[in-house]
Amino acid sequence: MLRQSVSSPARSMFSAGPVSRALFRQQQMRQNSTLSSLVAKANAAVASAKNLADKGVYWSKVVAEVSKQVYLKESFAPPTAAQFQSTYNGLYSSVLPYFTSPEAFLAALKSINGAALFKFVGYGIQLFGAFSLGEIVGRRKIVGY
């Protein structure tokens, strides 16, 4: 039978004596402690995410139930076809002259005073902020906003 010579680093460390074995054990313990600390951190992160998800589900159910109760108590209902039609006919008839006559549109723009303009700019900034916040939440990144 032929004898094979195996020269691995672990085998040579053990054959060198008790000092080398102690160093090998220290390195192995250091690797195990690093690995165990990483596993512990990962487990903590997973537990935290699960806890956060559970709270999110709970509060979404609470909001849905409260909304349902308010809807029933206040007797909310979608608008009827007549209400919808009267609202949009009124809107259409009030805006139509501005599109048929550009002079009427320019006169309306010139009649806006500084306080009303300031208020409209404030509303526009708020709408843009709400839109941007929705985009950030939807895309799950802040870059570009």
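Residues numbered from 1 in each chain as written. Predicted model: local features only at pLDDT ≥ 70, side-chain atom pairs only at ≥ 80, totals over all residues. Heavy atoms only, no water.

**Student:** Please set out the overall build of the protein residue by residue, giving values where relevant.
**Tutor:** Secondary structure summary: the protein contains 5 helices and 0 strands in total. Helices (α) and strands (β) of the protein occur, in sequence order from the N terminus, as α-α-α-α-α. Residue burial in the protein is summarised as follows: out of 145 residues, 2% are buried. (Helix = DSSP H or I, 4+ residues; strand = E, 2+ residues; numbered from the N terminus. Buried < 20%, exposed > 50% of the residue type's maximum accessible area, 1.4 Å probe, protein only.)

**Student:** Any chance you could break down a nonpolar patch on the surface for me, citing the residues and the numbers?
**Tutor:** Taken together, Tyr98, Phe99, Phe105, Leu106, Leu109, Ile112, Leu117, Phe120, Val121, Tyr123 and Ile125 make up a surface patch of nonpolar side chains, about 1100 Å² in accessible area. Going through the elements one at a time, helix 3 (81-100), helix 4 (102-110) and helix 5 (114-139) are the ones with two or more residues in the nonpolar patch. Among the elements that line the nonpolar patch, the one with the most residues is helix 5, at 5 residues. Structurally, the position occupied by isoleucine 125 is in helix 5. Owing to a relative accessible area of 58%, isoleucine 125 belongs among the exposed residues under this scheme. (Patch = residues over 30% accessible without salt bridge, like charges linked within 9 Å, V, L, I, M, F, W, Y side chains within 5 Å. Areas by Shrake-Rupley, 256 points an atom, 1.4 Å probe, with all protein chains shown as cover. Salt bridge = Lys/Arg side-chain N within 4 Å of Asp/Glu carboxyl O.)

**Student:** How would you sum up the confidence of the model for the protein? Please name residues and give values.
**Tutor:** Model confidence for the protein is summarised by a mean pLDDT of 82, while 77% of its residues fall at 70 or above. Across the protein, the element-wise mean pLDDT spans from 52 in helix 1 (residues 9-16) up to 92 in helix 5. (pLDDT = per-residue confidence, 0-100.)

**Student:** Would you mind going over the packing of helix 3 against helix 4 in detail, with residue names and values included?
**Tutor:** Here helix 3 crosses helix 4 at 110°, and the two axes come no closer than 4 Å. The angle between helix 3 and helix 4 falls in the class roughly perpendicular. Where helix 3 abuts helix 4, its residues Pro97, Tyr98 and Thr100 lie against Pro102, Ala104, Phe105 and Ala108. Residues of the contact of helix 3 with helix 4, tallied by class, amount to 6 nonpolar, 1 polar and no charged. (Axes fitted to C-alpha atoms, helices over the stretch in contact; angles between N-to-C directions. Parallel < 35°, antiparallel > 145°, perpendicular 65-115°, else oblique. Contact = heavy atoms within 4.5 Å. Nonpolar A, V, L, I, M, F, W, Y, C, P; charged D, E, K, R; others polar.)

**Student:** So what about the packing of aromatic side chains? Which residues, and what values?
**Tutor:** Summed over all chains, the structure comprises 3 aromatic pairs. With centroids separated by 4.7 Å and ring planes inclined at 50°, the aromatic side chains of phenylalanine 84 and tyrosine 88 adopt a geometry described as tilted. With phenylalanine 84 and tyrosine 88 both in helix 3, this residue pair falls 4 residues apart, about one helical turn. Accessibility expressed as a relative area gives 49% for phenylalanine 84, which makes it partly exposed. According to the relative accessible area criterion, tyrosine 88 is partly exposed, its value standing at 45%. (Phe/Tyr/Trp six-rings, centres within 6.5 Å; stacked < 30°, edge-to-face > 60°.)

**Student:** Any details on the pattern of salt bridges? Residues and values, ideally.
**Tutor:** Evaluated as defined, the whole model comprises 3 salt bridges. For lysine 50, the salt bridge goes to aspartate 54, with nearest N and O atoms at 3.1 Å. Of this pair, lysine 50 and aspartate 54 both sit in helix 2 (residues 18-73), separated by 4 residues, roughly a single helical turn. Here lysine 50 falls in the exposed class, since its relative accessible area comes to 55%. For aspartate 54, a relative accessible area of 42% puts it in the partly exposed group. Across the pair glutamate 135 and arginine 139 runs a salt bridge, and its minimum N-O distance is 3.0 Å. Highlighted residues: glutamate 135 and arginine 139, both in helix 5, separated by 4 residues, approximately one helical turn. Residue arginine 139 is classed as exposed on the basis of its relative accessible area, which comes to 51%.

**Student:** Just give me the short version of helix 5, but keep the residues and values in it.
**Tutor:** For helix 5, which comprises 26 residues, the first-to-last C-alpha distance of 37 Å matches the rise-based estimate of 38 Å (1.5 Å per residue) to within 8%. At the exit of helix 5 stands arginine 140, carrying a positive phi of roughly 60°. (Expected span 1.5 Å × (residues − 1).)

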